[in-house]
Amino acid sequence: MTGNENAQSSSANLPSSAKENLEVLSQFKDREEEEISGLQLAIERVSRFFGSPAFFAFAVAFIVMWIVVNTWGRTHGWRHFDSPPFFWLQGLVSCNALLLTVAVLIRQNRMARVAEHRAHLDLQINLLTEQKVTKLLQIMDEPRRELAALHGRTDEEASEMHKPADTHALMHAIKEKQSDR
């Protein structure tokens, strides 16, 4: 059985809610990719190629060949193109480094925007989940509170759990804690 067949058979065994979540994630990723411009896509492909082991091997081989050919030609009386310390090679490598740096920065900026968007989505989902869980706790805790009131007892921990979280106070406390460092 191939890896793709394994993935298909394991996804067939997933519950429908998991399949729906996977579909939502797939649609989210598709929408993100649709927003990428042609130029951005080209830059990312170039950046991906320049970050590959194949390009590393090519660059090392090119530099070594450049040095060998120019040094060997010099010792054999050839009119060589670039003599040591290989100013033309340095210029090519510097230009390549500049273009590579810009391509990587452009790609990282887009990835940072996507990560920020996902973090914001995670926060929204977490806040919504917290609200739902708090409401469920309040509904489920109501009979216990009525019994406790009849017997004159209170459970402070349970009472505290069904209070909604104050997100503004929590964010303020996080900022204070971070500024104390």
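Treat the numbers as computed from the prediction; the structure is a model and nothing was measured. (Residues numbered from 1 in each chain as written. Predicted model: local features only at pLDDT ≥ 70, side-chain atom pairs only at ≥ 80, totals over all residues. Heavy atoms only, no water.)

Let us look at the pattern of salt bridges. Pairing is possible between side chains of opposite charge, provided their charged atoms come close. Inspection of the entire model under this criterion finds 3 salt bridges. The salt bridge partner of Arg118 is Glu32, with a shortest N-O separation of 3.0 Å. Here Arg118 is found in helix H5 (residues 87-151), whereas its partner Glu32 is found in helix H2 (residues 16-34), with 86 residues between them in sequence. According to the relative accessible area criterion, Arg118 is partly exposed, its value standing at 37%. A relative accessible area of 13% means that Glu32 is categorised as buried. Two residues, Glu44 and Arg110, come together in a salt bridge whose shortest N-O distance is 2.3 Å. One end of the pair, Glu44, is in helix H3 (residues 38-50); the other, Arg110, is in helix H5, with 66 residues separating them in the sequence. (Salt bridge = Lys/Arg side-chain N within 4 Å of Asp/Glu carboxyl O. Helix = DSSP H or I, 4+ residues; strand = E, 2+ residues; numbered from the N terminus. Buried < 20%, exposed > 50% of the residue type's maximum accessible area, 1.4 Å probe, protein only.)

So, on to the side chain of Ser47. Along the chain, Ser47 turns up in helix H3. By relative accessible area, which is 8% here, Ser47 ends up buried. Apart from the residues lying within four places of it in its own chain, the contact partners of Ser47 are Ala103, Val104 and Arg107. (Contact = heavy atoms within 4.5 Å.)

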